[in-house]
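Now for the letters of each chain:
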Amino acid sequence: MPITIRPLEHDDIPRIMEIEHRCFDSDVWESAEIYGERIDTFGHGNLGFFHGGILIGFLWCELWKREVQYDLARFELSHHPRQFFDPNGTELYISSFAVDPDYRHLLRGKEAFSLGMARMRETHPFESAILLVSAQWHAARTIYTQWGFSEVQRIEGFFTDASGRHHPGILMRTTPR
Ligand SMILES: CC(C)(COP(=O)(O)OP(=O)(O)OC[C@H]1O[C@@H](n2cnc3c(N)ncnc32)[C@H](O)[C@@H]1OP(=O)(O)O)[C@@H](O)C(=O)NCCC(=O)NCCS
């Protein structure tokens, strides 16, 4: 069965939250309300990966007016997506990315990321991309580095894992095209 990609919809939110809870520690879980706001703000910027009719992963993006350096408060979780959204923005901010562990044998994270970013380029030809990743999310960091992101800054203690340990947040960015 092929993998398909389409923008996420409000009806997908319960399954989105299920995947989020399977993939992330609770310190980074977000609310159904925030997911709904993201869907309403940037309809084509929130992609779901499907196997048959089942949502198996997601890539959430925002479009920002590019600045050389952003105020770090921007990267706080659950900021309102409309706060910084600019439909003509040239920087893609990736707010979340995950693949359900039960389906990674059908769709590896690196393949999902490449497919999602290629789709984003088709619909919104962004010039650069930025994201914040936890230092302990090694597979994600490898995927981003392989795709062309480089570390630009570390934010000490930004993330807390299930055992209460703190981990730095790593800001990664691509060079503008
Ligand atoms: C991030 C995620 C989608 C990656 O999916 P995945 O199927 O596990 O990853 P892949 O199999 O595609 O592996 C990607 C690369 O990371 C490497 N990798 C995996 N685990 C690693 C580790 N612990 N340390 C270093 N590299 C690692 C793999 O070897 C692979 O590189 P290679 O193909 O060159 O060998 C998945 O792990 C996930 O959903 N994680 C939880 C959510 C998360 O961390 N999201 C990132 C938010 S910013």
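Attention here is on the structure that accompanies the text.

In this section: the overall build of the protein chain. Within the protein chain one finds four helices and seven strands. Radius of gyration (C-alpha) of the protein chain: 15 Å, near the 16 Å computed for a compact globule of 177 residues. Judged by the C-alpha coordinates and their principal axes, the protein chain covers about 40 × 40 × 30 Å. When each of the 177 residues of the protein chain is scored for burial, the buried share is 30%. A separation of at least 24 residues holds for 69% of the contacts in the protein chain among residues at least 6 apart in sequence.

What follows deals with the sheet that holds strand β3 (residues 54-64). With respect to topology, seven strands assemble into an open sheet ordered β1-β2-β3-β4-β5-β7-β6, the strand pairing being mixed. Each edge of the open sheet carries a strand with a single partner, namely β1 (3-7) and β6 (150-160). Strand-to-strand twist of the sheet, defined as the mean angle between neighbouring strand axes without regard to direction, takes the value 25 degrees. The pairing of β1 with strand β2 (residues 46-51) spans five bridges and is classified as antiparallel. The residue bridging Ile5 from the neighbouring strand is Phe49, located in β2.

Turning our eyes to something else, we now look at the packing of helix α3 (residues 109-123) against helix α4 (residues 138-147). Two elements in contact, α3 and α4, have axes whose closest approach is 10 Å; the angle formed by their N-to-C orientations is 45 degrees. One finds that α3 runs oblique with respect to α4. Along this stretch, α3 crosses α4, giving a crossing that reads as right-handed. Contacts between α3 and α4 involve Gly109, Lys110, Phe113, Ser114 and Met117 from the former and Ala139, Ile143, Gln146 and Trp147 from the latter.

Scoring rules and cut-offs
- Residues numbered from 1 in each chain as written.
- Predicted model: local features only at pLDDT ≥ 70, side-chain atom pairs only at ≥ 80, totals over all residues.
- Helix = DSSP H or I, 4+ residues; strand = E, 2+ residues; numbered from the N terminus.
- Rg over C-alpha atoms; globule rule 2.2 N^0.38 Å.
- Buried ≥ 20, exposed ≤ 12 C-beta atoms within 10 Å, placed from the backbone.
- Contact = placed C-beta atoms within 7 Å.
- Pairing = 2+ DSSP bridges.
- Axes fitted to C-alpha atoms, helices over the stretch in contact; angles between N-to-C directions.
- Parallel < 35°, antiparallel > 145°, perpendicular 65-115°, else oblique.
- Left-handed = near helix turned anticlockwise from the far one by under 90°.

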